[in-house]
Amino acid sequence: MTAPTPSQTVGPFFGFALPFENDALATAVDSPDATRVEGQVFDGDSEPVGDALLEAFQGDQFARCRTDGEGAFHFTVHKPPVSDGAPYLNITVFARGLLRHLHTRMYFPDEDRANRVDRVLGLVAESRRHTLIARRDGENLRFDVRLQGESETVFFAL
Amino acid sequence: MNTLDYEPPYLHPDYRSTELRAPKHEPVVLPDEWFHNVPGPVFGRIPVRDEDADLTRQHRGEPLGERIIITGRVLDSDGQPVRKTLVEVWQANAAGRYVDSADDHPAPLDSNFTGAGRALTDQDGFYRFVTVKPGAYPWRNHLNAWRPAHVHFSLFGPSLASRLVTQMYFPGDPLIPLDPILSSIPDPRGRELLIARLDLDTTVPDWALGYRWDIVLRGGRATPSDA
């Protein structure tokens, strides 16, 4: 077994390199089940994190979005099919000040029954589970990421 | 082998930006089989053109600075090559200035250098970039904070666990021991893994110095049947 290469922060200056055309679109905007997910990333002072990069993926879907000055990001996704448990997207968070990236998951608010029996959600303290479930916001879904503080998002260790 | 000491912690007060961004809760640990075998992102939508691997040929003229070649192998924890995986790089120019609009360091931009590249590893896991050696630059972490010259790397690999974003440093750089970001790695042997070596086999005589830097991604050989 060879030691894995250690992680380092993505730093603040990736915005000219990592974004790509239509990077936030994991699925076609005009596909019938396309859903827009919007959110913001906040730090421990509840200030927006304007230099984060998020990736959302599951199955054949992959999207990348850099946050703007308001810490805001968005993805266009469809709800992934599941064979077991509740549907979710993997979300990876990179930023200046994160020496390693963070892993979390976004679950869907209209899957109450599946969410209640999902094995991964079941490992999370009930009081924190809500941080992993997007909320309905008109036509869109809303999913904020709080790196610290009250309602800190649940992150997973590999 | 405790590889944990090779990974930086989230909170490292010497690197001030970690203070408000490091999560305070312990991460929720999932059983290996639920997470380690989760396939990684399908990165095929990210465009990779042949010219993306030569950062000195992306503009009308050649960039200023010391032309270099950076090459190495991407391996998994079993030492097996990671084939056809995406490697993204980005860096400051030879004067220590990023093209990024957020960089206000008063060093000159170079109209012949963007500093971003992409390549896929070959059948043996090799990547190769031609670029110029980046300059050191100041940052506001503390008085007289200067980052050692470095190139940022982003790699995918086959699984969720293999995703890696890191930085490559240059051998003999006197700023290395002073850098709170590299020093966040607890074990000095872990820090060594981020320092390339000068490699005369990679060097092209009368043209460019070569540096060799191998990268090991977490996780063993991709076993789709386990996924």
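The model shown is predicted, which means the values in this text are computed figures rather than measured ones. (Residues numbered from 1 in each chain as written. Chains lettered and ligands numbered in written order. Predicted model: local features only at pLDDT ≥ 70, side-chain atom pairs only at ≥ 80, totals over all residues.)

Caption draft 1: A look at the overall build of chain A. Secondary structure summary: chain A contains two helices and 10 strands in total. When the elements of chain A are put in sequence order from the N terminus, they spell out β-β-β-β-β-β-α-α-β-β-β-β. Each principal axis of the C-alpha atoms in chain A carries an extent, and together these give about 40 × 40 × 35 Å. The 158 residues of chain A split such that 47% are buried. Summarising the internal contacts of chain A: among those between residues at least 6 apart in sequence, 65% fall at separations of at least 24. (Helix = DSSP H or I, 4+ residues; strand = E, 2+ residues; numbered from the N terminus. Buried ≥ 20, exposed ≤ 12 C-beta atoms within 10 Å, placed from the backbone. Contact = placed C-beta atoms within 7 Å.)

Caption draft 2: Looking closely at the overall build of chain B. A tally of regular secondary structure across chain B gives two helices and 12 strands. Ordered by position from the N terminus, the helices and strands of chain B form the series β-α-β-β-β-β-β-β-β-β-α-β-β-β. Expected size for 227 residues packed as a compact globule is a radius of gyration near 17 Å; at 18 Å, chain B falls within 12% of this value. Considering only C-alpha atoms, chain B reaches an extent of 50 × 45 × 30 Å along its principal axes. Within the span of chain B, comprising 227 residues, buried residues form 41% of the whole. By sequence separation, contacts in chain B at least 24 residues apart represent 71% of the contacts at least 6 residues apart. (Rg over C-alpha atoms; globule rule 2.2 N^0.38 Å.)

Caption draft 3: Geometry of the pairing of strand β3 (residues 61-66) of chain A. All names here are of chain A. Most of β3 is tucked away: five of the six residues are buried. The sheet contact formed by strand β2 (residues 52-58) and β3 spans six bridges and is antiparallel. Along β3, the bridge assignment pairs Leu54 with Cys65. Taking the residues that link successive antiparallel strands as the turn, the β2-β3 hairpin has two residues, and the phi of Gly59 there is positive, at about 55°. (Pairing = 2+ DSSP bridges.)

Caption draft 4: Fine view of the interface of chain A and chain B. At the interface, 48 residues of chain A touch 59 residues of chain B. Mapped onto the side of chain A that touches chain B, the elements with two or more residues apiece are β2, β5 (88-95) and β10 (156-157) of chain A. Among the residues making up the side of chain A that touches chain B, the classes are represented as 28 nonpolar, 13 polar and seven charged. In the sheet, β10(A) pairs with strand β1 (residues 28-29) of chain B via two bridges, with the strands oriented parallel. Across the sheet, residue Ala157(A) finds its bridge partner in β1(B), namely Val29(B). (Nonpolar A, V, L, I, M, F, W, Y, C, P; charged D, E, K, R; others polar.)

Caption draft 5: Summary view of unusual backbone geometry. Residues and elements named next belong to chain B. In the Ramachandran plot, Asn144 falls in the positive-phi region, its phi being about 65° despite a non-glycine side chain. Along the polypeptide, Asn144 turns up in the loop between β6 (137-139) and β7 (145-147). The phi dihedral of Asp206 falls on the positive side, at around 65°, and the residue is not glycine. Mapped onto the secondary structure, Asp206 falls in the loop between β10 (197-198) and β11 (209-212).

Caption draft 6: Representation of the nonpolar core. All names here are of chain A. Ranked by size, the top nonpolar core spans 92 residues in total, and within it Ala56, Ala63, Val93 and Met106 carry the most contacts. A total of six residues in this core trace back to one element, the largest contributor, which is β5. Dropping the residues within four chain positions of it, Ala56 is found in contact with Ala26, Ala63, Phe75, Val77, Leu89, Asn90 and Ile91. (Core = buried A, V, L, I, M, F, W, Y, C linked by C-beta atoms within 7 Å.)

Caption draft 7: Main features of the sheet that holds strand β8 (residues 150-155) of chain B. All names here are of chain B. An order of β4-β3-β8-β9 is seen for the four strands of this open sheet, with the pairing classed as antiparallel. The sheet is open, and its two borders are formed by β4 (116-120) and β9 (164-169), each paired with just one other strand. Here the average twist between neighbouring strands, direction ignored, is 20°. (Axes fitted to C-alpha atoms, helices over the stretch in contact; angles between N-to-C directions.)

Caption draft 8: Broad picture of the environment of Asp100(B). Tracing the backbone shows Asp100(B) in the loop between β3 (86-91) and β4. The class of Asp100(B) is partly exposed, set by 19 C-beta atoms lying within 10 Å. In sequence terms Asp100(B) and Gly115(B) are 15 residues apart; their C-alpha atoms lie 9.7 Å from each other. Filtering out sequence-adjacent residues up to four positions away, Asp100(B) remains in contact with Phe13(A), Gly15(A) and Phe16(A).

Caption draft 9: Quick peek at the environment of Gly39(A). If you trace the backbone, Gly39(A) turns up in strand β1 (residues 35-42). Apart from the residues within four sequence positions on either side, Gly39(A) is in contact with Phe73(A), Arg142(A), Phe143(A), Asp144(A) and Val145(A).

Caption draft 10: Quick peek at the confidence of the model for chain B. All names here are of chain B. The predicted model of chain B averages 93 in pLDDT, with 93% of residues at 70 or higher. Every residue in residues 222-227 scores below 50 in pLDDT, and together they form five contacts with partners more than four places removed in sequence or on other chains. Among the prediction metrics, the complex's ipTM stands at 0.97, with pTM recorded as 0.96. (pLDDT = per-residue confidence, 0-100.)

Caption draft 11: Layout of the environment of Asp54(B). You can see Asp54(B) is positioned in the loop between α1 (32-35) and β2 (67-76). Residues Asp54(B) and Arg128(B), 74 residues apart in the sequence, show an inter-C-alpha distance of 8.6 Å.

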